[in-house]
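# Residue-level structural notes
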Amino acid sequence: MTTAPWRDPALPATARVDDLLSRMTLEEKTAQLYGVWVGASTDGDGVAPHQHDMTVDYSDEAWSELITRGLGQLTRSFGTAPVDPALGAQALARAQRRITEAGRFGIPAVAHEECLAGFTAWQATAYPVPLAWGATWDPPLVEEMARRIGEDLRSAGVHQGLAPVLDVVRDPRWGRVEETIGEDPYLVGTVGTAYVRGLESAGVVATLKHFAGYASSAGARNLAPVRAGTREFADVTLPPFEMALREGGARSVMAAYTERDGVPASGDPELLTGLLREEWGFTGTVVADYFGIGFLQTLHRVAGTPAEAAHAALEAGIDVELPSLKCYGEPLVDAVRSGEIPEELVDRAARRVLLQKCELGLLDEDWTPEPAAPVDLDSTGNRILARRLAEESVVLLDNPDGLLPLAPDTRIAVIGPRAADALAMLGCYSFPSHVLTHHPGVPTGIEIPTVLDALRTELPDAKVTFAQGCDVTDPDTSGFEEAIARTAEADVCVAVLGDRAGLFGRGTSGEGCDATDLALPGAQGELLDALVATGVPVVLVLLTGRPYALGRWHGRLGAVVQAFFPGEEGGPAVAGVLSGRVNPSGRLPVSVPQVPGGQPWTYLQPPLGLAGEVSNLDPTPLYAFGHGRSYTTFAWEAGTGGEEPAEIGTDGTYEVSVTVRNTGDREGAEVVQLYLHDPVASVTRPDVRLIGYQRVRLAPGEAARVLFRFHTDLSAFTDRSGRRVVEPGALELRLAASSADVRHTAHLTLTGPVRVLGTDRRLRCETEVSGVG
C-alpha cells in the first residue's frame, strides 16, 4: 500500500502539511479551524461569559454530520461535567475514533482542557492557584508541578492545556487576580515560564493567556476596555509573554477578550501578527478565548455579521475558534466562495493548525487514541507535591510578639466562615468550584482537609472549639455571639476569613467576581473587630484570591497568615505553619493595602504614584511586595559594591552579591531580591522594580553567597519614540528582602551611547548560589 506523503513521518512537517492542504476542500480546511463543545450548558449558569447565548447544542445526528469534514478541536471533554477519569479517557478515545472514521483523511482533533491550578477534571489534583505559585518564588517547584499536570493530561488523551495566565496584576479589585502570578512582570515571567517548560516537557501544548492587556481593564471590571498606554503595555504587560515564548517554548497563545485604545485584541493584526509572529518569531497557533471571535460582532461591535467577525479574526491572526463553532464554519465558507474573504487566510491558519497536529503525532498512521496506562489524576506523588507547594506559598505577614507557633496543648477557638469549608482552599478554576457547583450531590472526588480538621490533626493535645461566626458574604451578624463566647473561653483565637471562589458574581473572587473595594467581604471585618475586642490574642488566617486591606487591625492582632487558595493540601499546610512544623517561607507576590480605598495600586509606581505632599491620600501598602516573615532569623553580610559608583558601558555586566546566614535555631528559606532604581531617565520610571531573585534554604548557622550577574539589558525601557533602550547615567542595584526593605545598595554609572535593543535582549538575571564556610 502506498502511503500519501502527508502520512510519511520521514518527510519534513512542512512538506507533509503542504501535501495534505493540497488535497483538502475549503470545507475540510475550515473544519480544522474550530472546536466543538459537546454537553455545554445553555441554561445561563455556565463557566464562560455569554455561554448561554453563544453555545450550540449539538444532537448526535448534527455531530455525526459535522465531523464528516474533520474537526480542529474537542473542547473540555473532562471539564464540562463530572466524569470518572478512566471512563472519560475511554469516551474521549471513542469520540476520536468517530472523528477519524467520519472524515476522508482520518485526522483526529486536538483535545484541550483548562489546567490553571491542575487538570480541571473530576478527581484530579487541585493544586494551589497561580497567585500562590508567585508566593513561593520557586520556579523549579512550579515547573515540577506543571510537568505532573501535563503527564496527567496526556494520560487522559488531552493535547493542549489552556494555561498559564501571564497577566500582570494592575488593580487587585479585578476578580481574576487569583489566576495571576503577581503584580511584577519579572516574577510573572520567570514563574510562568517555568510552568510552560513543565507542561511542554510532558508533550502538552501550553497556551499563554490572555494576550494581551486583559488585567489592565478600567475599574477592574472583567472585559472592560484597557487603558494601558504604550510604555506600560510594552514594559509591564508584554515581557512575561515574550519570556514564556522565547525561554519556555510555548506553542500556543490565546487572544484576550479586551480592547485597547478601541481595537479588540481578537481583531488586532499589529498584536497577533506584527508583534507576535513577525517581531517575536512565534510559529505556533493562536486560539480565541471562548466566544471571543463572536464577541467582535456582539460585544465589541466592530463586525456586523459572523462572516465579518471571522474575516477580522483570521486577518488579525487567530487560527482556531474556541470553544465551539460560530463564525469559522458556514459563514466563513460562504464568504470565501463569494470572494469577500481571501482563501489564503484560511490556508494560513489551517497550515499552522496542521503543523501543530503533525508535531503532536496526530497525522501519523500509527496514532492511537487509547490511553497507554491507567488514569490516576490524584496520585500520591501529586498530593505530596501539592502539599509542598502549599507550604512554600503560605506567607507569615506579621508575628510581632512571637505568638506563633502555637503551643501544642493550648485552648484554641477556631472562628470564621472559611475554617470548616473545604472549598475555601480552591480557586475558581478548580473542578469543585468551577463545575461541581452545578452538580449538587456529587462528591468533590478528592480529599480536601479544612483548616479546622487539619489543626485538630496537627495539635492533638490542644482543645479546639469552632464557631462559624458569619457567612462569607451575608451581612448577618447573628452568629457573632457564639463566636465571641468560644473565643472568650480560649487562650488564642484563630480567625479563618477570606473569599469564596466562583464565576460571574457567584463568588467573591474569580472570573467576573470583581470587587468595589478591598474590604473583607460581608460581615467578616465586623467579626474580626468583635474577636479582637474580647482581649484574647487573635491569629488572622486569610484564604483569599486577592489581597485585602488590613490597616484597620494593624497592631491589634497576634499574628497574620496569608494563603492564596492553597489547594487540596492547603489545610495541612496552614496548620503546619500555625503549629510550627512548617517554617513559613512565602513572600508576597502582591502588595497588601492599608485601607480599602488605597488601591488600585501596585508597587511599580513612578515618583508621583508614591506618597507625597501633593495629595492627602497615602497609597503606601501595609505589607510591601516581596514581604514575608520566618520563624528563624537571617543576617545579610558582605554585600559587594559601595557608595562609589562602578562604571560600566551601556552594554556591560556587573556582579553584585550578598552573603545570607541563618542566625536562628531552625532551618528556613530566605528570598534574596534584586531591585533596580533609575534616578534619572528620559521618561518616568518605577521607583524600583524587580530584576532578579533567588530562594535560598539554609540550616541553622549555615551561610550562602548569592550572586546576581546584572546585564544592562535589564535596565532597558521603552522611550518616547517606542524604542527599547539602555540609557547612560546612574543606576542603583538594591539587594532587598522586599521592595521596601533594602539591605544593600550597589551604585553604577552607565557610560557610552544610548543603546537600542532588539528581540535578542537578555530577559533574565543570572544567579549563582555558593556555600560559605
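Refer to the preceding data block for the structure.
Throughout what follows, the structure given in this document is the object of discussion. Quick caveat, the model's predicted, so the values are computed rather than measured.

## A closer look at the sheet that holds strand 6 (residues 252–255)
If you walk across this open sheet you meet the seven strands as 1-2-3-4-5-6-9, and the pairing is parallel. With one partner strand each, in any of the chains shown, strand 1 (35–36) and strand 9 (285–288) form the two edges of the open sheet. Bridging between strand 3 (residues 110–114) and strand 4 (residues 160–162) involves three bridges; their strand directions are parallel. Looking across to strand 4, one finds that Glu113 is bridged to Gly161. The sheet contacts of helix 10 (residues 239–246) involve strand 5 (205–211) and strand 6, and relative to strand 5 the element is tilted by about 165°.

## Digging into the pairing of strand 24 (residues 729–738)
The buried fraction of strand 24 is high, at eight of ten residues. Two elements, strand 19 (residues 668–677) and strand 24, share five bridges in a ladder whose sense is antiparallel. Residue pairing across strands places Leu674 opposite Leu735, the latter belonging to strand 24. Relative to strand 25 (residues 741–751), strand 24 runs antiparallel, the two sharing nine bridges. Residue pairing in the sheet places Leu735 in a bridge with His744 of strand 25. Between the antiparallel neighbours strand 24 and strand 25 lie two residues.

## Things to note about the pairing of strand 5
Judged by how many residues are buried, strand 5 sits mostly within the fold: seven of seven residues are covered. Both strand 4 and strand 5 contribute to a ladder of two bridges, which runs parallel. Paired with Gly161 across the bridge in strand 5 is Ala206. Taken together, strand 4, helix 8 (residues 185–201) and strand 5 constitute a β-α-β crossover, and its handedness is right-handed. Examined bridge by bridge, strand 5 and strand 6 share three bridges and lie parallel to one another. The residue of strand 6 that forms the bridge with Thr207 is Ser252.

## With respect to the packing of aromatic side chains
Overall, the coordinates contain 16 aromatic pairs when judged by the stated rule. The interplanar angle of 50° and the centroid separation of 5.4 Å between the aromatic rings of Trp137 and Phe625 together place this pair among those described as tilted. Here Trp137 is found in the loop between helix 6 (130–136) and helix 7 (139–155), whereas its partner Phe625 is found in the loop between helix 21 (570–579) and strand 16 (634–637), with 488 residues between them in sequence. The residues Trp137 and Phe625 share a single accessibility class, namely buried.

## Regarding the sheet that holds strand 25
The five strands are arranged 17-25-24-19-20 in an open sheet whose pairing can be described as mixed. Each of the sheet's edge strands pairs with one partner strand only, and the pair in question is strand 17 (646–649) and strand 20 (689–698). Neighbour-to-neighbour, the strand axes of this sheet turn through a mean angle of 30°, independent of strand direction. Pairing of strand 19 with strand 20, which is carried by nine bridges, proceeds in the antiparallel orientation. Note on strand 20: the bridge partner recorded for Leu674 is Gly692.

## Observations concerning the nonpolar core
Counting 207 residues, the largest nonpolar core has Tyr195, Phe211, Tyr328, Leu550, Phe710 and Leu733 as the members making the most contacts within it. In contact with Phe710, not counting residues within four places along its chain, are Ile648, Gly652, Thr653, Tyr654, Leu676, Ile691, Ser715, Leu731, Leu733, Leu748 and Cys765. Judged by nonpolar contacts, the second largest core, of 37 residues, contains Val414, Leu455, Ala462 and Ala575.

## Let's talk about the environment of Val158
Here Val158 is to be found in the loop between helix 7 and strand 4. Taking the relative accessible area as the measure of exposure, Val158 reaches 1% and is therefore buried. Remark: the alpha-carbon pair of Val158 and Asp398, spanning 240 residues in sequence, is separated by 43 Å.

## Some thoughts on the packing of helix 7 against helix 16 (residues 380–393)
Contact geometry for helix 7 and helix 16: axes closest at 11 Å, N-to-C directions at 150°. Taken together, the axes of helix 7 and helix 16 are roughly antiparallel relative to one another. Here the hand of the crossing between helix 7 and helix 16 comes out left-handed. Residue-level inspection shows Leu141, Val142, Glu144, Met145, Arg148 and Asp152 of helix 7 in contact with helix 16, the latter providing Gly381, Asn382, Leu385, Arg388, Leu389 and Glu392. A per-class count over the contact of helix 7 with helix 16 returns five nonpolar, two polar and five charged.

## Quick word on helix 9 (residues 230–237)
One turn of an α-helix holds 3.6 residues; hence residues three or four places apart share an orientation. For helix 9, the full list of buried residues reads Phe233, Ala234, Asp235, Val236 and Thr237. For helix 9, the elements touching its buried residues are helix 8, helix 10, strand 7 (259–260), helix 11 (269–279), strand 22 (717–718) and strand 23 (724–726).

## Remarks on the pattern of salt bridges
Pairing between side chains of opposite charge can happen when their charged atoms approach one another. Under the criterion given, the structure shown has 56 salt bridges. In this structure, the salt-bridge partner of Glu28 is Arg104, at a minimum N-O distance of 2.7 Å. With Glu28 in helix 2 (residues 26–31) and Arg104 in the loop between helix 5 (85–102) and strand 3, this residue pair connects regions lying 76 residues apart in the sequence. Under the relative-accessibility criterion, Arg104 is labelled exposed at 56%. The network of salt bridges with common partners includes Asp378, Arg383, Arg387, Glu568 and Glu569.

About the cut-offs
- Residue numbering note: each chain is counted from 1, following its sequence as written.
- pLDDT decides what is reported in this predicted model: residues at 70 or higher carry local features, side-chain atom pairs at 80 or more are listed and counted, and totals for whole chains, interfaces and linings draw on all residues regardless.
- Hydrogens and waters are ignored; side-chain quantities use all the structure's heavy atoms.
- The pairing criterion is simple: DSSP has to find at least two bridges between the two strands.
- In this description a helix means any DSSP run of H or I spanning at least four residues, a strand means any run of E spanning at least two, and both kinds are numbered starting from the N terminus.
- Any pair of residues with heavy atoms lying within 4.5 Å of one another is described as a contacting pair.
- Each axis is a line fitted through C-alpha atoms, taken for helices only over the stretch in contact, and angles between the N-to-C directions span 0 to 180 degrees.
- Throughout this description, buried means an accessible area under 20% of the type-specific maximum (1.4 Å probe, protein chains only), exposed means over 50%, and partly exposed covers the range between.
- Looking down the strands as they point away from you, a crossover is right-handed if its path from the first strand over the helix to the second goes clockwise.
- Between the rings of Phe, Tyr and Trp (Trp by its six-membered ring), a pair exists once the centres lie within 6.5 Å; its type follows the angle of the planes, with under 30 degrees stacked, over 60 edge-to-face, and the other angles tilted.
- Residues belong to a common nonpolar core when they are buried Ala, Val, Leu, Ile, Met, Phe, Trp, Tyr or Cys residues joined through side-chain atoms within 4.5 Å.
- Note on angle classes: values under 35 degrees are labelled roughly parallel, values over 145 roughly antiparallel, values of 65 to 115 roughly perpendicular, and the remainder oblique.
- Handedness of a crossing follows from how the near helix is turned relative to the far one, being left-handed for an anticlockwise turn of less than a right angle and right-handed for a clockwise one.
- Put simply, Ala, Val, Leu, Ile, Met, Phe, Trp, Tyr, Cys and Pro go in the nonpolar bin, Asp, Glu, Lys and Arg in the charged bin, and everything else, Gly too, in the polar bin.
- Only one rule defines a salt bridge in this text: a Lys or Arg side-chain nitrogen within 4 Å of an Asp or Glu carboxyl oxygen.

Read these as layout, nothing more, since geometry by itself doesn't imply function.
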